Amino acid sequence: MSHPHPVIADLQSIVGPKGIVSDRQELLVYECDGFPIAKGMPVAVVFPTTTEQVSQCMKTIARHGLAIVPRGSGTGLAGGCVAFEPGVIVSTSRMTVIEKIDIANRYAVVQAGVRNLALTDQLAGTGLHFSPDPSSQRAASIGGNAATNAGGINTLKHGVTSNHILGMEVVLTDGSIINTRTTGLYDGIGPDIPGLFCGSEGVLGVITRLWCRLVDKPKHFRTIYGVFESTFDACKTVADVVASGIVPTSMEMMDGAMIRVVEDAFHYGFPTDAQALLLLEIDGVNQILDEQLEDIIKLFNANNARDVKQCSDPVRRAELWSARKRAFGAIGRISRSYCTQDACIPRSKLPEAMDVIAGIGRKYGLKIPNVFHAGDGNIHPILLFDEDKPEEVQKTLQASEEILEYCISIGGTITGEHGVGVEKLPLMRKLFPPDTIKAFQEIKNSFDPDQLINDAKNVPSEKLYVELLKPMATNMAGGAG
Amino acid sequence: MTTTQANITPITAQTPQALQDLVQQAIASRTPIVDYGIAHRGLGNPPPANHYLLTQSAQGPGILDHYDRDMTVRVAAGATFGQIQQALKATNQCIPLDADDDLTIGEIITTNTYGPLRLTYGGPRDLLLGLHYIDGLGRNIQPGGRTVKNVAGLDITRLMVGSLGELGIIHQATFRTYAIPEQVLAVELSIDNPERLGSFLTDWIITDARPAGMTLDHDNGQWIIRLAYHGKATACNSQLGSLQSMIEKLGGLQVLGTSPQTYESYGQQMQARRSWQRSASALIKLVVQPASTGQMMKQIQAFASKLEGKLKSWASPAHGLIYLGGDLSSSQALELEGFIRQIITQQSAIRSWIARPAGSESQIAPFDPIPSEMPLFQRLKNTMDPHGLFNPGRCIVQEQHQQ
């Protein structure tokens, strides 16, 4: 029988016995996030409830020579909150207090574990909301949203999480607590530190508190969807709408395979013989929306939309968006496992990109339905596989890499909103030149000189490289990542 | 007491290679590189006596790549804002920022220049997608990219906004562009008491009467709110109707005039209105909580009577941004500093002196309060500019740098 790691007792003295999980069976929940291919077992998961506890926990974990792995709600999709080396997960999921809401100055102060939708729910009736709306917003924490710079359906017009964070409190690996732009002001002096922390994926420190910008919750919408005989025409419609200068709230697309999956699961009345469905929404001043809608319908029709439907009925509108947001859930009916890619490409390249991805699917014998934020160029090819079949896992990884390399070649990036994590780390050196990778590493090391926190995630490490198909990390002097 | 003679070597650079060579030269000669821009020369602590004085310029119109169908543009940081806007006009696009035409893109980014249009389009940190910069070792670093969403790596692009040129020399930047609005409907309102603005500002912003941008100033004895509505004529008129309904309910506000204009002409008008800032001997950028803007402006106006009417000011209430200043003497600037200090101690606010009259620099600190993140700034400075070359000491107090 193995003895519990001595860090557990030390952490218990900080958070109490109910604030830590160390039983192996209970730890299974934390061995991966939404990226199930790479799994790693932590020594323990600790649940502080205050910033001071986070600080003490981090100092304690560091003292024991263990890795620190920040985790929000665990809804990440790139392995960013999983322990791939001996370490302790510091979960902010019990830091759920909304501390202040200032309507007059349009900001809120929340602990990092507050769920994204919980803040907007709290604002009901004020006319304001917290804008970032990832599909996981019911469960995802705002701290996690900031750490990954989460996007969502409305980012085309309303921006990503970083656009909505005014300031934050962070804890560094030495336990020091830093407040950056935590005054409720819309500006600061000097470099934009909150901007650096957004999207850093927990490699610089643990975000414990956020000053969130609140914006007007749109009241008036027009929703339209069009059915197309080809993804090419649908993608060209997207590019044409963008090029016309119209800024829709969102433009989402499902290809034929995805339409059939969603229709079989939820019966929304989508035509199952269509090759693409483009769902578009505009918001703004009520009196001008109809004019904008006319212009958009013209563009749909100019690109051979077979069927164009407007939707002003709120119930039908909610159904349509429900269909989009539940699309990933529907995948579970047809595949044991799936791996979602998250490249972002110039929108003008969408038409050709869909064809290339389909070709990669055929090459590897994989089904790859697509549902994605077409308006941002943020594609989500969903590679279906059985994780119990090693050859399928291998093909999935190879196909993913090929898709992402193609996206890089056309001016895109490997991740629009899910983050690099460990999943896409090998591609960082293909996306950025060596000096830029070095610059990232140097900044990371300036915050974390002992490379304790989320090493080998987002930024390649000289010390550690995580082999995705092996249970735990491979420590390599000089790193191969 | 001997006075050190300043040794300033002007350098002009147009290419990344030229900048890399300059950095290597600077390292070898232990001579800092200074670029405070043209509109922010007085912002921050003064540069060291000996330095290379860098001026960046751009070859041609400054556009390196215009992905017009993607609504993004990659520009040389040495290009001026006016050059870029002029070039984008050809495709009916613009970068919707409030910036003077003669500012370089680099200066706009490093000083985080923005104005009332931030309400609708965001500021530099929201419009930037990526940039390239030369770091303190002479390396060409390229974070971000050209897509409108990108979370790969660390967001050094955003970090550089407001960094006052201390972390690297930006030489190119990629921005999101927007369609030039068909029309700008300029609306002037009078308000009886600007202190009231805070009580309904949020409510205004969440209605159809919400403008693209809003300013507040005191003009000819009246408090004036200037609004800009962007869009087609029908849209603007519709919003004007919503505004009129709103002010009927509120009372104390009156429409003084409306004027449909082009985006370009309105921009020129706004630039002309703030042109006094460029020649002011004293200029402060004050940031307060948005709801307090009207109250602050009223206090500033009351204080202005002590300065022989020389003090001017205007505000962007949506973000609590206030510019105040004028042709003040050193003693008047000190008085003003005392007044601003009171504001900062009474409520959440920050202030930066963009220009201080000669003789007052040693008595007025450029930034107040000192950012609590200074230790992090120092860490970043030591990492990204280990030789302390770039605008040393302008904002970030370094423990050591080599001269």
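Quick caveat, the model's predicted, so the values are computed rather than measured.

Participant: Looking at this model, I keep getting lost on the environment of B:L19. Mind explaining?
Facilitator: Residue and element names in this part refer to chain B. By the element assignment, L19 lies in helix α1 (residues 16–29). In this structure L19 comes out as buried when scored by C-beta crowding, with 25 C-beta atoms within 10 Å. Between the C-alpha atoms of L19 and L159, which are 140 residues apart in sequence, the distance is 20 Å. Ignoring sequence-local partners within four residues, the contact set of L19 consists of A13, I134, I169 and H171.

Participant: I keep staring at the confidence of the model for chain A and nothing clicks. Help me out?
Facilitator: Atom-level detail of predicted coordinates should not be read off regions where pLDDT is low. Residues with a pLDDT of 70 or more make up 97% of chain A, whose mean pLDDT is 92. For the stretch residues 474–481 of chain A, pLDDT sits under 50, and the model shows 19 contacts to residues farther than four places along the chain or on other chains.

Participant: Please explain the interface of chain A and chain B as it appears in this structure.
Facilitator: Interfaces are often described in size by the accessible area the parts lose on coming together. Contact with chain A, which involves 73 residues of that partner, is made by 68 residues of chain B. At the level of elements, β9 (177–180), α7 (193–197), α8 (231–243), α10 (286–302), α15 (428–431) and α16 (434–447) of chain A are the ones that each hand at least two residues to the side of chain A that touches chain B. Ranked by residues supplied to the side of chain A that touches chain B, first place goes to α16(A) with seven residues. Taken together, the residues of the side of chain A that touches chain B sort by class into 30 nonpolar, 33 polar and ten charged.

Participant: I'm lost on the sheet that holds strand β1 (residues 7–13) of chain B in this one. Help?
Facilitator: What holds strands together in a sheet is hydrogen bonding between their backbones, with the strands either parallel or antiparallel. All names here are of chain B. Strand order in this open sheet of three strands is β1-β3-β2, and the pairing throughout is parallel. Because the sheet does not close on itself, it has two edges, and the strands there are β1 and β2 (33–34). Relative to strand β3 (residues 50–56), β1 is paired through seven bridges, and the arrangement is parallel. Counted as the bridge partner of P10 is L53 from β3. Along the sheet, α1 contacts β1, β2 and β3; its crossing angle with β1, the most-contacted strand, is approximately 155°.

Participant: Just to check I follow, could you spell out the domain arrangement of chain B for this structure?
Facilitator: Residues and elements named next belong to chain B. Taken as a whole, chain B is organised into domain 1 (1–180 + 371–403), domain 2 (183–272) and domain 3 (277–368). Centre-to-centre, using C-alpha coordinates, domain 1 lies 33 Å away from domain 2. Contact residues are listed per partner, giving nine residues for domain 1 and seven residues for domain 2. Tallied by class, the residues present in the side of domain 1 that touches domain 2 amount to five nonpolar, one polar and three charged.

Participant: Could you clarify how one ought to interpret the sheet that holds strand β7 (residues 128–134) of chain B in this entry?
Facilitator: Residue and element names in this part refer to chain B. Strand order in the open sheet formed by five strands is β4-β5-β9-β7-β8, with antiparallel pairing between adjacent strands. Across the chains shown, the open sheet's two edge strands, defined by having one partner strand only, are β4 (63–67) and β8 (140–141). Bridge analysis of β7 against β8 gives two bridges, and the strand direction is antiparallel. Note on β8: the bridge partner recorded for Y133 is I141. Together, β7, β8 and β9 (169–176) form the strand contacts of α1, whose direction differs from that of β7 by roughly 45°.

Participant: Whenever I open this one, α10(A) confuses me. Can you help?
Facilitator: All names here are of chain A. The terminal C-alpha atoms of α10 lie 25 Å apart, and with 17 residues this matches the ideal 24 Å at 1.5 Å per residue to within 8%. Inspection of α10 places I288, Q292, I296, L299 and F300 among the buried residues, and these make up the whole buried set. Buried residues of α10 fall within an arc of 125° about the axis and therefore sit on the same side. Away from its buried face, by an angle of more than 90 degrees, α10 presents the exposed residues D290, E294, K298 and N301.

Participant: Please clarify how the confidence of the model for chain B should be interpreted in this entry.
Facilitator: Taken as a whole, chain B shows an average pLDDT of 95; of its residues, 98% reach a score of 70 or greater. Under the prediction, the complex receives an ipTM of 0.96, its pTM being 0.96.

Participant: Is there a simple way to explain the pairing of strand β8 (residues 165–171) of chain A in this structure?
Facilitator: Side-chain positions along a regular strand alternate between the two faces of the sheet. Residue and element names in this part refer to chain A. Of all seven residues making up β8, seven are buried, and the element is well covered by its neighbours. Relative to strand β10 (residues 206–213), β8 runs antiparallel, the two being bridged by six bridges. Each bridged residue has a counterpart across the sheet, and for E169 the counterpart in β10 is R209. Two successive antiparallel strands, β8 and β9, enclose a turn made up of five residues, where G175 displays a positive phi of approximately 85°.

What counts, and where the lines are drawn
Residues numbered from 1 in each chain as written. Chains lettered and ligands numbered in written order. Predicted model: local features only at pLDDT ≥ 70, side-chain atom pairs only at ≥ 80, totals over all residues. Helix = DSSP H or I, 4+ residues; strand = E, 2+ residues; numbered from the N terminus. Buried ≥ 20, exposed ≤ 12 C-beta atoms within 10 Å, placed from the backbone. Contact = placed C-beta atoms within 7 Å. pLDDT = per-residue confidence, 0-100. Nonpolar A, V, L, I, M, F, W, Y, C, P; charged D, E, K, R; others polar. Pairing = 2+ DSSP bridges. Axes fitted to C-alpha atoms, helices over the stretch in contact; angles between N-to-C directions. Domains from an automatic or database assignment. Expected span 1.5 Å × (residues − 1). Arc of directions from axis to C-beta.

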